[in-house]
Amino acid sequence: MCKVKTGEAVVRHADMQNLVTSVILRQKKLFTIPKLEQQVFEKLKGSSFGKGESYEDAVRKACRQTISYMEVSGSLYSENGKEYCLAIAFPPYSGNRARG
């Protein structure tokens, strides 16, 4: 797994998108979109990406789009449309590791 950039290391939109995906995949229990956004904003503190008024909208849009894509792919689900739960294990685990 790669190291996801946080804080001042987040300088491009792609860095922020990787951070959003990472935060989602690390959820261990039910989560809401506002809770997810709050976690992402915390990890963006000190970032040059986090300057300007439109950055909050970009983060919110990335969170909602990523959740939508993951829900369509079956990676997460929601019974009520407000709380989400991962439907996959992360990191993936395989008991049949090849031994060299």
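Right, let's talk about the overall build of the chain for a bit. Scanning the chain from terminus to terminus reveals three helices and three strands. When the helices and strands of the chain are listed from N to C terminus, the series reads α-β-α-α-β-β. Across the 100 residues in the chain, those meeting the buried criterion constitute 33%. Total accessible area on the chain is roughly 7100 Å²; 50% of this is exposed by carbon and sulfur atoms.

Position of K61 relative to the elements: it lies in helix 3 (residues 54-73). Taking the relative accessible area as the measure of exposure, K61 reaches 53% and is therefore exposed. Distance in space between the C-alpha atoms of K61 and E37 is 9.8 Å, their sequence separation being 24 residues.

To continue, consider the pattern of salt bridges. For the coordinates displayed, the defined rule picks out six salt bridges. One salt bridge in this structure joins D15 and R12, with 3.7 Å as the shortest N-O distance. The partner of E56 in a salt bridge is R60, with the nearest N and O atoms 3.3 Å apart. Residue E56 and its partner R60 are located together in helix 3, separated by four residues, close to a single helical turn. E56 gets classed as partly exposed once you look at its relative accessible area, which sits at 35%. Here the residues in one salt-bridge network are E37, E56, R60 and R64, joined through shared partners.

Let us look at the packing of aromatic side chains. Within the structure shown, the criterion is met by two aromatic pairs. Seen from their ring centres, F31 and Y84 are 6.0 Å apart, and the 35° between their planes marks the pair as tilted. Residue F31 is located in strand 1 (residues 31-32), and its partner Y84 is located in strand 3 (residues 83-86); the two are separated by 53 residues in the primary sequence. By relative accessible area, F31 is classed as buried at 2%. On the basis of relative accessibility, which here comes to 7%, the residue Y84 falls in the buried class. Taking the centre distance of 5.8 Å and the plane angle of 75° together, the rings of F41 and Y55 count as edge-to-face. Highlighted residues: F41 in helix 2 (residues 33-44) and Y55 in helix 3, separated in sequence by 14 residues. Among the residues examined, Y55 registers a relative accessible area of 16% and is labelled buried.

What counts and what doesn't
Residues numbered from 1 in each chain as written. Predicted model: local features only at pLDDT ≥ 70, side-chain atom pairs only at ≥ 80, totals over all residues. Heavy atoms only, no water. Helix = DSSP H or I, 4+ residues; strand = E, 2+ residues; numbered from the N terminus. Buried < 20%, exposed > 50% of the residue type's maximum accessible area, 1.4 Å probe, protein only. Areas by Shrake-Rupley, 256 points an atom, 1.4 Å probe, with all protein chains shown as cover. Salt bridge = Lys/Arg side-chain N within 4 Å of Asp/Glu carboxyl O. Phe/Tyr/Trp six-rings, centres within 6.5 Å; stacked < 30°, edge-to-face > 60°.

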